[in-house]
Amino acid sequence: MNDAPIGVFDSGVGGVSVLKTCLDVLPNENFVYLADRSGMPYGNKSHEEIEKRVELCVRTLQGEGVKAVVAACNTATNVGIASLRKKYDMPFVGLEPAVKPAVAACTRGNVLVLLTPLAAKQEKFRELVKKHDNGRLIIAPQEDLAEKVEEHIDDFRALKKPTFDILRAYKNVECVVLGCTHYVFLRPLVEEFYGGRIKIFDGNDGAARRLKTLLEQNGKMSCLGRRSLKFIVI
Ligand code: DGL
């Protein structure tokens, strides 16, 4: 039994969608959410810069006494999760674009993968694509979509035009992978654009379930009810 909090971080609001799923899956756990708004956007920076930001996030969360960390960001995960696992003696859960389930569910059309430019460049992501490529994967990095979501989080419908402008280029799509946690907030707009004819995937459920398994395996589950949910912005 261990009732220390679990740290969850992202460059901004994107990871809140992951936090929400974790809160549902782990009702007894306490959480600290860290939004690295000074580092935002991660997706347009260099590998080295984001490695440093990720390190800063983890150190800040360590200062909060966390027992595990969720990198609630596909970009941070692709850049830095391997070195975090080597460096820190604590369970880490990352977010990965849900390419595998999308390809498995895709029977005839294309699989459109929306993600940040930096995530798309990473070796970890390229390997994922190589492993699951069915010849119908469309990898579509987005320059400034995460920033737009960050700006309009209280009114994401304001992003209807930019979202539709992006999707208009992609026809014959059967599955859409929201490979950036910020884009998860755009799910209703993506559904609206394709008229509900497509399947949409994100990594949130998988990450929350993985977190639960790791806590169980490491004997770190809390059995007391939830007492704290803290938000930090740096
Ligand atoms: N939310 C992050 C992700 O999942 C990226 C947002 C950003 O570019 O800062 O990749």
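Residues numbered from 1 in each chain as written. Predicted model: local features only at pLDDT ≥ 70, side-chain atom pairs only at ≥ 80, totals over all residues. Heavy atoms only, no water.

### A look at the overall build of the protein
Reasoning step 1: Summing up its helical and strand segments, the protein has 10 helices and 9 strands in all.
Reasoning step 2: A globule of 234 residues ought to have a C-alpha radius of gyration of about 17 Å, and the protein, at 17 Å, matches this closely.
Reasoning step 3: Taking the principal axes of the C-alpha coordinates as reference, the protein spans close to 50 × 35 × 35 Å.
Reasoning step 4: Expressed as a percentage of its 234 residues, the buried residues of the protein come to 54%. (Helix = DSSP H or I, 4+ residues; strand = E, 2+ residues; numbered from the N terminus. Rg over C-alpha atoms; globule rule 2.2 N^0.38 Å. Buried < 20%, exposed > 50% of the residue type's maximum accessible area, 1.4 Å probe, protein only.)

### Details of the layout of surface pockets
Reasoning step 1: Size it by volume and the largest pocket reaches roughly 580 Å³.
Reasoning step 2: Contributing to the lining of the largest pocket are 26 residues, with Gly 94, Leu 95, Glu 96, Pro 97 and Gly 206 lying nearest its centre.
Reasoning step 3: At the level of secondary structure, the elements contributing two or more residues to the lining of the largest pocket comprise helix H3 (74-87), strand S4 (92-94), helix H4 (99-105), helix H6 (123-132) and helix H10 (204-217).
Reasoning step 4: For the lining of the largest pocket, the class distribution of residues is 11 nonpolar, 5 polar and 10 charged.
Reasoning step 5: Within this model, the second largest pocket holds a volume of roughly 190 Å³.
Reasoning step 6: What lines the second largest pocket is simply Arg 108, Gly 109, Tyr 170, Lys 171, Asn 172, Val 173, Glu 174, Phe 193, Tyr 194, Arg 197 and Ile 198.
Reasoning step 7: A breakdown of the residues in the lining of the second largest pocket according to their chemical character gives 5 nonpolar, 2 polar and 4 charged. (1 Å grid on protein atoms, 1.4 Å probe; cavity = no way out; pocket = protein on both sides within 12 Å on 5 of 7 lines; lining within 4 Å. Points joined across faces, edges and corners; volume = space filled by probe spheres on them. Nonpolar A, V, L, I, M, F, W, Y, C, P; charged D, E, K, R; others polar.)

### Considering the site of the ligand
Reasoning step 1: Around the ligand, the surrounding shell holds 14 residues, and the nearest of these are Ser 11, Tyr 42, Thr 75, Thr 181 and His 182.
Reasoning step 2: Contact distances for the ligand include 2.7 Å between an oxygen atom and a side-chain N or O atom of Ser 11.
Reasoning step 3: Take Asn 74: an N or O atom from its main chain is 2.8 Å from an oxygen atom of the ligand.
Reasoning step 4: Within the complex, 99% of the 300 Å² of free accessible area of the ligand lies under protein.
Reasoning step 5: In this structure, the ligand is accommodated by the largest cavity.
Reasoning step 6: For the shell around the ligand, the residue count by class is 6 nonpolar, 7 polar and 1 charged. (Near = heavy atom within 4 Å. Polar contact = N/O pair within 3.5 Å; in protein donor to acceptor, adjacent residues only side chain to side chain. Areas by Shrake-Rupley, 256 points an atom, 1.4 Å probe, with all protein chains shown as cover. Sits in = over half its atoms within 2 Å of the grid points.)

### Some remarks on the sheet that holds strand S2 (residues 31-35)
Where strands meet in a sheet, backbone hydrogen bonds hold them as pairs that are either parallel or antiparallel.
Reasoning step 1: Pairing within the open sheet is parallel, and its 5 strands lie in the order S4-S3-S1-S2-S9. Bordering the open sheet on either side are S4 and strand S9 (229-233), each of which pairs with just one other strand. Neighbour to neighbour, the strand axes of the sheet diverge by 15 degrees on average, direction disregarded.
Reasoning step 2: Alignment of strand S3 (residues 68-71) against S4, held across 3 bridges, turns out to be parallel. Bridged to Ala 71 within S4 is Gly 94.
Reasoning step 3: Lying on the sheet, helix H1 (residues 16-25) is in contact with strand S1 (6-10), S2, S3 and S9; it crosses S2 at an angle near 175 degrees. (Pairing = 2+ DSSP bridges. Axes fitted to C-alpha atoms, helices over the stretch in contact; angles between N-to-C directions. Contact = heavy atoms within 4.5 Å.)

### Re the packing of H1 against H10
Reasoning step 1: H10 packs onto H1 with a crossing angle of 45 degrees between their chain directions and a minimal axis gap of 9 Å. In terms of orientation, H1 and H10 fall into the oblique class. Note on packing geometry: the crossing formed by H1 with H10 is right-handed. Two secondary-structure elements touch here, H1 through Ser 17, Val 18, Thr 21, Cys 22 and Val 25 and H10 through Asn 204, Asp 205, Ala 208, Leu 211 and Lys 212.
Reasoning step 2: Broken down by class, the residue content of the contact of H1 with H10 amounts to 5 nonpolar, 3 polar and 2 charged. (Parallel < 35°, antiparallel > 145°, perpendicular 65-115°, else oblique. Left-handed = near helix turned anticlockwise from the far one by under 90°.)

### Topic: the nonpolar core
Reasoning step 1: Among the nonpolar cores identified, the biggest contains 24 residues, and Leu 112, Leu 114, Val 176, Leu 178, Val 190 and Tyr 194 are the most heavily contacted of them.
Reasoning step 2: Elements represented by at least two residues in this core include exactly strand S5 (110-115), helix H7 (145-151), helix H8 (160-167), strand S7 (173-178) and helix H9 (187-193).
Reasoning step 3: Leave out the neighbours within four places in its chain, and Tyr 194 touches Leu 112, Leu 167, Tyr 170, Val 173 and Val 176.
Reasoning step 4: Counting residues in each nonpolar core, the second largest holds 22 residues, with Val 54, Leu 61, Ile 81 and Phe 92 among its members. (Core = buried A, V, L, I, M, F, W, Y, C linked by side-chain atoms within 4.5 Å.)

### Re the sheet that holds strand S6 (residues 137-141)
Reasoning step 1: The 4 strands lie next to each other as S6-S5-S7-S8, forming an open sheet whose pairing is parallel. Every interior strand has two partners, whereas the edge strands, S6 and strand S8 (199-201), have only one. The mean inter-strand angle of the sheet, taken between neighbouring strand axes irrespective of direction, is 20 degrees.
Reasoning step 2: In this structure, S5 lies alongside S7, joined through 5 bridges in parallel fashion. Bridge pairing in S7 places Val 113 opposite Val 177.
Reasoning step 3: Across the sheet, H6 is in contact with S5 and S6; its angle to S6 comes to roughly 160 degrees.

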